[in-house]
Each structure stands twice: as structure tokens, then as C-alpha cells.
Amino acid sequence: MDTLLNAEEREFAQQMRQFYRTEIPEELRLKVATGQELSKEDMVTSQRILNEHGYAVPNWPVEWGGQDWTPVQRHIWLEEMQLACVPQPLPFNVSMVGPVIATFGSQEIKERFLPATANIDIWWSQGFSEPNAGSDLASLKTTAVRQGDKYIVNGQKTWTTLGQYGDWIFNLVRTDPDVKKQAGISFLLIDMKTPGVTVRPIQLIDGGHEVNEIFFDNVEVPVENLVGEENKGWTYAKFLLGNERTGIARIGGSKVNLARAKAYAAVTKTARGTLLDDPLFSARLTKIEAELTALEMTQLRILSTQAAGSDKPDPRSSVLKLKGSQLQEDISELLVDVLGPQGLDFVSDRVQGQGLSDLPNGAVDALPGYFNTRKVTIYGGSSEVQRGIISKALLGL
Amino acid sequence: MDLELNDIQQELASTLNKYLRSEYDIAKREEILRSDEGISREKWQAFAEMGLLGLAIPESYGGADMTFNEVAVVAEAFGRSLVLEPFLATAVLGANAVLLGGSEEQKQAILPGVAEGQTFLALATLEPGLRYAVDAPQTQASGADGSFTLTGEKNNVLGGDVADHFVVTATQNGELGLYLVAADAEGLTRVAQRQADGLGSANLKLEGVAAQRLDAADANAVLSEVLDLGNAAIMAEAVGALEASLTMTAEYLKTREQFGAPIGANQALQHRAADLYAELEYARSMALYSRLAVTSEVPGAEKDRHRDVIAAKIIVDRAARNISQESIQMHGGIGMTMEYPIGHYAKRLTVMTRTFDDSDSLTAELAELGGLIEPHAADLS
């Protein structure tokens, strides 16, 4: 789609492409390209290189390390990053808590947290969902009761992604139980080393440890850790979730994975030739390719509207999430189906040794990737929530 | 990056939509549909006077010297109002075949009449037994030096019922050619047909019919470009029809009451309506994608043009199928009636998705062309 960009945008894309491919270590990009799990150190390394060059938090205000970019430039920044298989900056830092602090925090709290957040000197965790507050987030029950210059926090958060690495956690807590549920919520920052904070791993069906439960048992939190005003947390949360939707379609990542499925299929033999030539497999793959192009054009149309100066709520953002997540799942399924029976074992290495032949490429990550990718139609507003948003815009009922 | 319509295109769209809302509403369309010819020559004259028929024809042949982008704006508006006159057949398929393939003399003879609304054209490519294949017709041409005769049979010639001239595909010594045939030529039998959507077509029998060859350019290249333009136009038209269908269906969900509440209060219907909205956005995106493909001035872009157009058509066809079928279902029994407009949209959309090709063969063709994404895996050398 490069031809749709103007000369300056094309040059910018070229510059980002060059940067990612020369400055981010090959070894890290290969891990992303082949679906290997990234360590904490890998993610920190990548984000620090990006931050050093001003590319970790371009969406932040310029005075806090952001870039004065157009919506199209931001799109190119992310798209090229995904195409180059660069480990992305930690979303909890750069698209969630960072913008909330930068927009609603006091000068003191900005100075205290923003530079360390951009440079991932602090690894943030997200404390939003609870066992009984999922899509209905505002019904959360974790309480923060003011006692002098402290809040006493009690309750439980869940689905805390990579919480095992977390230094700090940003939480939605109930500070007023006697008002409408949205009106009694505050946005509170908690040091995870504080006594009374317990992190418990949750094993997922992909065999990995990605998410956690966090328990708060009479945790004492200084009141200066409150962001913005007490009981205004729901406003900040909606702002945060709005930012989360940007880039959630993961088009660049889907292109990489689809190219990968196609390359594997081309070297996979069947009784009638290669799998890529199999009529039904190829029809399925081809439809996904056409659909991915439709998704990308939709994203570009939205960007074009934004570039023309509109900032109205746009139900097409929900189309991006709804369709983009479904495509990610479809592509993860293609990768499984390329492998056939040799993709069905959970293995840590495709080299078997002991005189046995190597497993096919993709054998390590395809099936775990398939199960892991089930999450994308659930998080960030499930497909059902997105359909609700779209139908509200369409029908107003 | 700018994907918005420019000021002139916005003005064109708004003027035309306004005109069609008042002069081509459902009742007036119904009258035209029930007339003998099934089209209104008076409306066609009005379209000519508005400059719609020669938009992409150069000024030297009486046109407005604009681009396919403006043609697509008109096609979308015509789709929204289910216009019955042969715009696609005459102003897109026929005019472009002559423009791209004709000699100076042939262009002078045909194109001014098109722009003025005096001439209807039709492109005759399909033949009995060949389904959608157009590159090796059985119709034979013989002769030389500007004097040819054609013998063969053509079917589903869109706009062929009223055409004054046909552009006919035929082979001579195995080589494809495009030939211009006058509708009143001796040896030409025309059987007029009415498509399910109310548009006219014809089946033709050609027995030694006199013809001129359009040989200013390679016939394969001309035919391929004309059909790509036709597909891009039909996608724009589909977007208009899809938008109207979804608007009408959403309105029905809001106003039709059962069990004491609007039926759209049911989440089962809300979520399906949301899926249709997403499909409509996909159709808009890909109609745009095809328009960009056929108007691209980037050097070398023509080699990807056909590939991009068929990729777009796969998505637009799916949207057309889902939205037309679901629109009827959500309307219930009333959607089955000729009296209510939604079924008319469904009929036009059903025909449009099958006019130049069908989705299955497009998918197979796109796969054969290698698809849209280069295979690449970092762990394969």
C-alpha cells in the first residue's frame, strides 16, 4: 500500500524500516518472526533501544518523549515495527498507564513515573479485570479505603498479563461504594513489592504462563499514588481503553504470519503436489489474503478520515477489532493445519536428536500459538462487546 | 495519504443523489421497470445533459475528460437508486472498449454519440457452454483489411436489448479480436432478455455479420482492462446498493414491533446487523481498492491491476451475498414481496456478483496468480 502514501510518508516508512532492521538485534526479531517466547530481558532490550531513539512512546506528549506525528506516521511506525518483527514496547507502559498519567496526572506524578515508564525501568502491570468484573468492568469490587495519608486496598485482580515481571501495577479500585458504580472508582498506582500483594500464576491452555491473579490483603498505599482525582477513575479507564483499540487489528503481524503459513505450505508435500497447490487449502488461504487487504484498506480509510481532521467516535474502530482479531485466529489455525499430525505435540524444540528427523518448521509454536490466539477475540473488548458498540451506532437501540 | 473524495467528486455525488432521490424514487423506478423497454430514454437524456455519460471520455470525443474516479461516483449513486438504464454497458464497458481499442476514426464515430446520450453500446463476450471464460471465444472472424464478418453465438450481453452497436469478441486463426458490429447489420439476430434484476440483456446469433475490427491495441490487453474497469464499476454500484439495503434493514429493525418491542431490541438481530455493517465497510474498502488499482498511474502498476481487482471482488461479492440474504431474512415475509423495495436490491446484488465471474473462480484465479502476499518464513532459507 506504499503507493497510497505521499512522498514524505514514503520516506518516513523507509526510514522506520531501515531503523528497525539495523538497530534492533536480529536475534530478537527472529524470535518474533518464528513465534518464540520473548524473555523479560528481550522486551526490555528492545524497548530501551526504541526509547533511546525516541520511538518507544511517540503517542505521548512531546515534552515527555512523544513525537509530533500525524496519525499516518503513527500507523507507519507500528506497521513497519510489526513487519520487521520488532518486539513491541510494553503496551501497559506505553499505551495504557503512560498516556493516563501524562493526561490526568499531577506534575509531580508525571516526573516521578513517565521517564521510567518510557524506558521500562518500571515494568507496569494492569489491574483492571476481576473474577466478577470482565466485560462489565465497572462492577469491580477491589476497595481502597482512605485512612489518613494512606489507602488500604483489599481485593483481587485477574488476567494480569506478564504480572510475574511487574514492578508496579495500575489499578481501578472502588473508593466510594455508595454511588452509581461508575462514579465510585479511582485510578491508583501500587508498588507490587508492598506487603500484602501476592501474585499467583494462571496456567493457560497453550501450556504457557502469561497471565496471573493478584491478591491485595490490607495493602497500604500512599495517597500521592492516586492519579488525578478520587472517584474519576472510570473516565481515565475509558480514555485508556480507547487508546488500547488503536493498532489492535495487528495487521502487520498478521501479514508476517500469513506469509509464514504460505511459505511453509509451499514446502509441505501432499499426495497431489504441495499443500499450497491443494485447491481447498489454497482457496482458504486466498480468501484470508483478500480479507487481510480489506482490513488494511479499512484501517487506511479510518486514518484518512482522521488526517482530514475528524475525531468523532467511529464505529469502524470496532470493525477493526472485530475483524482483525478474527483474522489473527484464522491465520493461527492455518499454521496448525500446515503441520498436520506433526503439529499436535507440545514440544520445546524441533530438533529431536537420537537419529530422528527434525520436526517441520513451526512445530514448536503453531499449536500453542493457536490456543494462545483465542484470547484476541476476548481481550480489549470481546467480539460480542464490539458488535454491541456497532449495533448501538447503527440502530441506537 | 488522502483517500477522501475531492471537492468536485463530492459535489457530483451530492447533486446526483439529490436528483435521483426526487426523480428516480421507488415509484418512478417501478414505472420504468414495467414499461415496454424497461428503461427510460428520457432519464438517459437527463443523464447525458448532466454530463454523466462521457465523464471519462476525452474532450476531443465530446466527453468531460475526467477519470474513472468520477465514473465510480456515478455508479455508486446509481446503485443506491437501482438505476435500470445501461450505464455500465454503455458508458463503462462499450465506451472503454472503443476508447482503448478503436482507431481515431472509430472513436470519432462512436464516442460523441455515447456522451450525448444518442448511442447505446454493449460488450458481447460470453458464449453458450463457455460459462465465464472470455479469452478463447468460439465466434469466428474472417476477412482482412478493415472488412470482416463474424459467425457465432453470444449470450448474456448486458444492455444488448437496446444497444445500437456491439463490441463482440471473436477469434481469427486462434487470435482474439474485438469487433464493432452495428445492431441493424444483416445476419444479426438479437433476442432481448430481462435479467432477474430488471436490467435488459440479449442473446445474439451472428451469421456472417459485417464488422470492423478494433485494432489500435492488443485485444487481450484491451479486453482485460475493460473487464477490470467493469468490475471496479460494478463494485462501486454494489456499494451504493449495499448501503441502501443496510440503511433500509436497520430502519426496519428499529420500527417493526413484535412482542411489544422493536425487533431490533433482540441481541440476536443486533449482532447480525453489526456483522453486516462490518461487511459493508469491507465492501467500501475494497471497492476503493479496485478503483485505486484501475486508476493507478504508478509505473508498472498495470501488472497488479487485475490481481487487485479480483481480490476486491471476492470481498465485495461476499458482502453482497451476506447483506442481500440477511436483509430479506430480517424483513421477514415483506422482504419477499415485489411491493417492498428490499427484494429489488437483493435481486440486483445477486446478479451483480455473477455478472463477469463468480466468487469461486475468482478465488481460484487469485490463488493461481500467487495471491497478494509473498511467501516468507524467517526460518526457511
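Residues numbered from 1 in each chain as written. Chains lettered and ligands numbered in written order. Predicted model: local features only at pLDDT ≥ 70, side-chain atom pairs only at ≥ 80, totals over all residues.

A word on the overall build of chain A
Spelled out, the test is: Helix and strand definitions follow DSSP, with helices as H or I runs of at least four residues and strands as E runs of at least two, each counted in order from the N terminus. Our radius of gyration is a C-alpha quantity, and the globule rule it is checked against amounts to 2.2 Å times the number of residues to the power 0.38. For the exposure call, what matters is how many other C-beta atoms sit within 10 Å of a residue's own: 20 or more marks it buried, 12 or fewer exposed, and in between partly exposed, using C-beta atoms placed from the backbone. Any residue pair is listed as a contact if its two C-beta atoms, each placed from the backbone, are within 7 Å.
When you go through chain A residue by residue, the secondary structure sums to 12 helices and 10 strands. Radius of gyration (C-alpha) of chain A: 22 Å, near the 21 Å computed for a compact globule of 397 residues. If you line up chain A on its principal axes, its C-alpha atoms span 75 × 55 × 50 Å. Relative to its full complement of 397 residues, chain A shows a buried share of 43%. Across chain A, the fraction of contacts at a sequence separation of at least 24, relative to all contacts at a separation of at least 6, is 69%.

Some remarks on the overall build of chain B
Counting secondary structure elements, chain B contains 11 helices and 9 strands. The C-alpha atoms of chain B give a radius of gyration of 21 Å, which matches the 21 Å a tight globule of 381 residues would have. Viewed in the frame of its principal axes, chain B has a C-alpha envelope of about 75 × 65 × 45 Å. Considering chain B as a whole, with its 381 residues, one finds that 52% of them fall into the buried category. By sequence separation, contacts in chain B at least 24 residues apart represent 73% of the contacts at least 6 residues apart.

Considerations on the interface of chain A and chain B
Convention followed: Ten residues, namely Ala, Val, Leu, Ile, Met, Phe, Trp, Tyr, Cys and Pro, are considered nonpolar, four, namely Asp, Glu, Lys and Arg, are considered charged, and the remaining ones, Gly among them, are considered polar.
Taken together, the contact pairs 46 residues of chain A with 41 residues of chain B. Contributing elements (two or more residues each) for the side of chain A that touches chain B: helix H2 (26-33), helix H8 (251-266), helix H9 (279-307), helix H10 (316-339) and helix H12 (383-395) of chain A. Here the residues of the side of chain A that touches chain B sort into 25 nonpolar, 10 polar and 11 charged.

Things to note about the confidence of the model for chain B
This is how it is decided: Note: pLDDT gives the predictor's confidence per residue, expressed from 0 to 100.
Of all residues in chain B, 100% have pLDDT values of 70 or greater, and the mean over the chain is 97. Here the predicted complex carries an ipTM of 0.96, next to a pTM of 0.96.

Things to note about the pairing of strand S4 (residues 168-174) of chain A
Taken residue by residue, a regular strand's side chains alternate between the two faces of the sheet. Residue and element names in this part refer to chain A. Applicable threshold: Criterion used throughout: strands pair if DSSP finds at least two bridges between them.
Here S4 lies mainly inside the structure; 7 of its 7 residues are buried. Neither face of S4 is open: one carries Trp168, Phe170, Leu172 and Arg174, the other Ile169, Asn171 and Val173, and all of them are buried. Bridge analysis of strand S1 (residues 124-127) against S4 gives 4 bridges, and the strand direction is parallel. Each residue of the ladder has a partner; that of Ser125, found in S4, is Ile169.

Side note on the domain arrangement of chain B
Accessible area lost on assembly of the parts is the figure often given for the size of an interface. Residue and element names in this part refer to chain B. Threshold: Residue ranges for the domains trace back to a domain assignment, done automatically or taken from a database.
By domain assignment, chain B separates into domain 1 (7-119), domain 2 (122-217) and domain 3 (220-368). For domain 1 and domain 2, the distance between their C-alpha centroids amounts to 22 Å. Counting only elements with at least two residues in the side of domain 1 that touches domain 2, the list comes to helix H5 (87-101) and helix H6 (104-115). The leading source of residues in the side of domain 1 that touches domain 2 is H5, at 9 residues. A breakdown of the residues in the side of domain 1 that touches domain 2 according to their chemical character gives 11 nonpolar, 8 polar and 1 charged.

Some words on the nonpolar core
Here is a general trend for soluble globular proteins: nonpolar side chains tend to be buried in one another's company. Applicable threshold: Put simply, a nonpolar core is buried Ala, Val, Leu, Ile, Met, Phe, Trp, Tyr and Cys residues tied into one set by C-beta atoms within 7 Å.
If you look at the biggest cluster of nonpolar residues, it comprises 223 residues, and the most contacted ones within it are B:Val167, B:Tyr179, B:Ala238, B:Ala283 and B:Met286. In terms of residue count, the dominant contributor to this core is helix H7 (residues 219-255) of chain B (20 residues). Aside from chain neighbours lying at most four places away, what touches B:Met286 is A:Ala294, A:Met297, B:Met235, B:Ala312, B:Ile315 and B:Val316.

Notes on the environment of B:Ala320
Residues and elements named next belong to chain B. When you line up the elements, Ala320 lands in helix H9 (residues 302-331). Taking the C-alpha atoms as reference, Ala320 lies 8.8 Å from Ala241; in sequence the two are 79 residues apart. Not counting chain neighbours up to four residues away, the residues in contact with Ala320 comprise Ala238, Leu242, Leu349, Met352 and Thr353.

A short note on the packing of H5(B) against H6(B)
Residue and element names in this part refer to chain B. Note the cut-off: Note on method: axes are straight lines fitted to C-alpha atoms, helices fitted across the in-contact stretch only, with angles between N-to-C directions ranging 0 to 180 degrees. Any angle between 65 and 115 degrees counts as roughly perpendicular, while under 35 counts as roughly parallel, over 145 as roughly antiparallel, and the rest as oblique. With the far helix as reference, a near helix turned anticlockwise by less than a right angle produces a left-handed crossing, and one turned clockwise produces a right-handed crossing.
The interhelical angle for the contact between H5 and H6, taken along N-to-C directions, is 165°, at an axis separation of 10 Å. The angle between H5 and H6 places the two elements in the roughly antiparallel class. Note on packing geometry: the crossing formed by H5 with H6 is left-handed. The segment H5 lies against H6, with Thr90, Ala91, Ala95, Val98 and Leu99 engaging Gln106, Lys107, Ile110, Leu111 and Val114. Looking at side-chain class alone, the contact of H5 with H6 contains 7 nonpolar, 2 polar and 1 charged residues.

Quick look at the UniProt feature "domain: Acyl-CoA dehydrogenase/oxidase C-terminal" (unreviewed entry) in chain B
Basically, it comes down to this: UniProt positions are given in the numbering used here, feature names are shortened, and annotations may be inferred rather than shown by experiment.
Mapped onto the present numbering, the UniProt feature "domain: Acyl-CoA dehydrogenase/oxidase C-terminal" (unreviewed entry) falls at residues 222-353 of chain B. Within residues 222-353 of chain B, the helical portion is 79% and the strand portion 3%, while the C-alpha atoms at the span's ends are 22 Å from each other.

Points about H8(A)
To keep it simple, the criterion reads: Multiplying 1.5 Å by the residue count of a helix minus one yields the expected span of that helix.
The end-to-end C-alpha separation of H8(A) is 22 Å, in line with the 22 Å expected for 16 residues at 1.5 Å each. Most of H8(A) is tucked away, with 15 of its 16 residues classed as buried.

With respect to the UniProt feature "domain: Acyl-CoA dehydrogenase/oxidase N-terminal" (unreviewed entry) in chain B
Look at the UniProt record and you will see "domain: Acyl-CoA dehydrogenase/oxidase N-terminal" (unreviewed entry) annotated at residues 8-118 of chain B. Secondary structure across residues 8-118 of chain B comprises 67% helix and 0% strand; the distance between its end C-alpha atoms is 26 Å.

Describing the domain arrangement of chain A
All names here are of chain A. Taken domain by domain, chain A consists of domain 1 (2-89), domain 2 (124-231) and domain 3 (245-395). Here the C-alpha centroids of domain 2 and domain 3 sit 32 Å apart. Classifying every residue of the side of domain 2 that touches domain 3 gives 1 nonpolar, 3 polar and 1 charged.

Digging into the pairing of strand S6 (residues 188-194) of chain B
Residues and elements named next belong to chain B. Strand direction decides the pairing type here: S6 and strand S7 (residues 200-213), joined by 7 bridges, are antiparallel. Bridge pairing links Arg194 to Gly200 in S7. Taking the residues between adjacent antiparallel strands as the criterion, S6 and S7 are bridged by 5 residues, where Gly198 takes a positive phi near 95°.

Focus: the UniProt feature "domain: Acyl-CoA dehydrogenase/oxidase N-terminal" (unreviewed entry) in chain A
The UniProt record annotates "domain: Acyl-CoA dehydrogenase/oxidase N-terminal" (unreviewed entry) at residues 7-119 of chain A. For residues 7-119 of chain A, helix accounts for 68% and strand for 0%, while the C-alpha atoms at its two ends are 32 Å apart.

Points about the environment of A:Arg374
All names here are of chain A. Mapped onto the elements, Arg374 comes out in the loop between helix H11 (366-373) and H12. A count of 14 C-beta atoms within 10 Å places Arg374 in the partly exposed class. Once the C-alpha coordinates of Arg374 and Ser325 are considered, the two residues, 49 residues apart in sequence, prove to be 9.0 Å apart.

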